[in-house]
Amino acid sequence: MPAPPPTRVALDHLDRLEEHAAVLLLVAMSALVAFQVAARFLFSVGFSWMEELARLAFVWVVFLGAVVGMRRCLHIRVEAGISTLPHALRPWVVAAGDVVTLLFCAAMTWHGLELVQSTLRFSFNLPATGLSMFWAYLIMPVSFGLQVVRLAVTIATGRREPRNV
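Residues numbered from 1 in each chain as written. Predicted model: local features only at pLDDT ≥ 70, side-chain atom pairs only at ≥ 80, totals over all residues. Heavy atoms only, no water.

**Student:** Which residues make up helix α1 (residues 6-43), and what are the values?
**Tutor:** Spanning 38 residues, α1 covers 54 Å between terminal C-alpha atoms, matching the ideal 56 Å at 1.5 Å per step. Taken together, the buried positions of α1 are Leu11, Asp15, Glu18, Ala22, Met29, Leu32, Gln36 and Ala39. Where the residues of α1 are buried, they touch α2 (48-71) and α6 (139-157). At the exit of α1 stands Ser44, carrying a positive phi of roughly 55 degrees. (Helix = DSSP H or I, 4+ residues; strand = E, 2+ residues; numbered from the N terminus. Expected span 1.5 Å × (residues − 1). Buried < 20%, exposed > 50% of the residue type's maximum accessible area, 1.4 Å probe, protein only. Contact = heavy atoms within 4.5 Å.)

**Student:** Could you give me a rundown of unusual backbone geometry, with the residues and numbers involved?
**Tutor:** Positive phi, close to 55 degrees, is recorded for Ser44, a residue that is not glycine. As for its placement among the helices and strands, Ser44 is situated in the loop between α1 and α2. The class for Ser44 is exposed, based on a relative accessible area of 67%. Of note in this structure, Cys73 is not a glycine but carries a positive phi near 55 degrees. Among the structural elements, Cys73 can be located in the loop between α2 and α3 (79-83).

**Student:** So what about a nonpolar patch on the surface? Which residues, and what values?
**Tutor:** Taken together, the side chains of Val33, Val37, Phe41, Leu42, Phe43 and Val45 make up a nonpolar region of the molecular surface, amounting to roughly 650 Å² of accessible area. Tracing the chain through its elements places Leu42 in helix α1. Residue class for Leu42 comes out exposed when judged on its relative accessible area of 63%. (Patch = residues over 30% accessible without salt bridge, like charges linked within 9 Å, V, L, I, M, F, W, Y side chains within 5 Å. Areas by Shrake-Rupley, 256 points an atom, 1.4 Å probe, with all protein chains shown as cover. Salt bridge = Lys/Arg side-chain N within 4 Å of Asp/Glu carboxyl O.)

**Student:** Outline the side chain of Gln36, listing residues and values.
**Tutor:** Its place among the elements puts Gln36 in helix α1. Discounting residues that sit within four places of it in the chain, Gln36 has contacts with Gly46, Phe47, Met50 and Glu51.

**Student:** Go over the pattern of salt bridges, please, and point to the residues and values.
**Tutor:** As enumerated under the stated definition, the model contains eight salt bridges in all. Here Glu18 makes a salt bridge to Arg71, at a shortest N to O gap of 3.7 Å. Placement of the pair is Glu18 in helix α1 and Arg71 in helix α2, with a sequence separation of 53 residues. An identical accessibility class is assigned to Glu18 and Arg71; each is buried. The salt bridge partner of Arg55 is Glu51, with a shortest N-O separation of 3.2 Å. Placement of both Arg55 and Glu51 in helix α2 is noted, with a separation of four residues, approximately one turn of the helix. By relative accessible area, Arg55 is classed as partly exposed at 46%.

**Student:** Describe the packing of α1 against α2, with residues and values.
**Tutor:** The angle between the axes and the distance between the axes are what describe a pair of packed helices. Between α1 and α2, the shortest axis-to-axis distance is 8 Å and the interhelical angle comes to 150 degrees. Taken together, the axes of α1 and α2 lie roughly antiparallel to each other. The two elements α1 and α2 meet at a crossing, and its hand is left-handed. Among the residues forming the contact of α1 with α2, the class breakdown is 18 nonpolar, one polar and six charged. (Axes fitted to C-alpha atoms, helices over the stretch in contact; angles between N-to-C directions. Parallel < 35°, antiparallel > 145°, perpendicular 65-115°, else oblique. Left-handed = near helix turned anticlockwise from the far one by under 90°. Nonpolar A, V, L, I, M, F, W, Y, C, P; charged D, E, K, R; others polar.)

Next up, the structure:
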């Protein structure tokens, strides 16, 4: 059996990295929330830094989930409108939608990078932990940049059916 092309190997590694990071953050967020709830109800004590970290992990999980959704072609698409079009026109409308989505994700990547850079120029920190907002905003260019990659692969391969892998 021939070896897979290097781009496929790189995408497979990226698949695992995205999903492992999302799962790790989800576990961390769940542990923080569970500990916070237990501390409040059992000991009448709360830790604002735990809530802040859990919220930050939640935002990262959501945006990493969007990347996984893009890779698996599970993002919302208005199929009802597409199904009313003539069969010959449907692929063109789907392709145009993919291009518009790609441009949107590229613009969000660009503006996300600008936002992240602004946190390096101006000191803006989370109140409880003192962490720089750099870490909160970094997910924007990371998520949308990865979505650009995923959508470009989808457009290049022409595979648009929802898939589990």
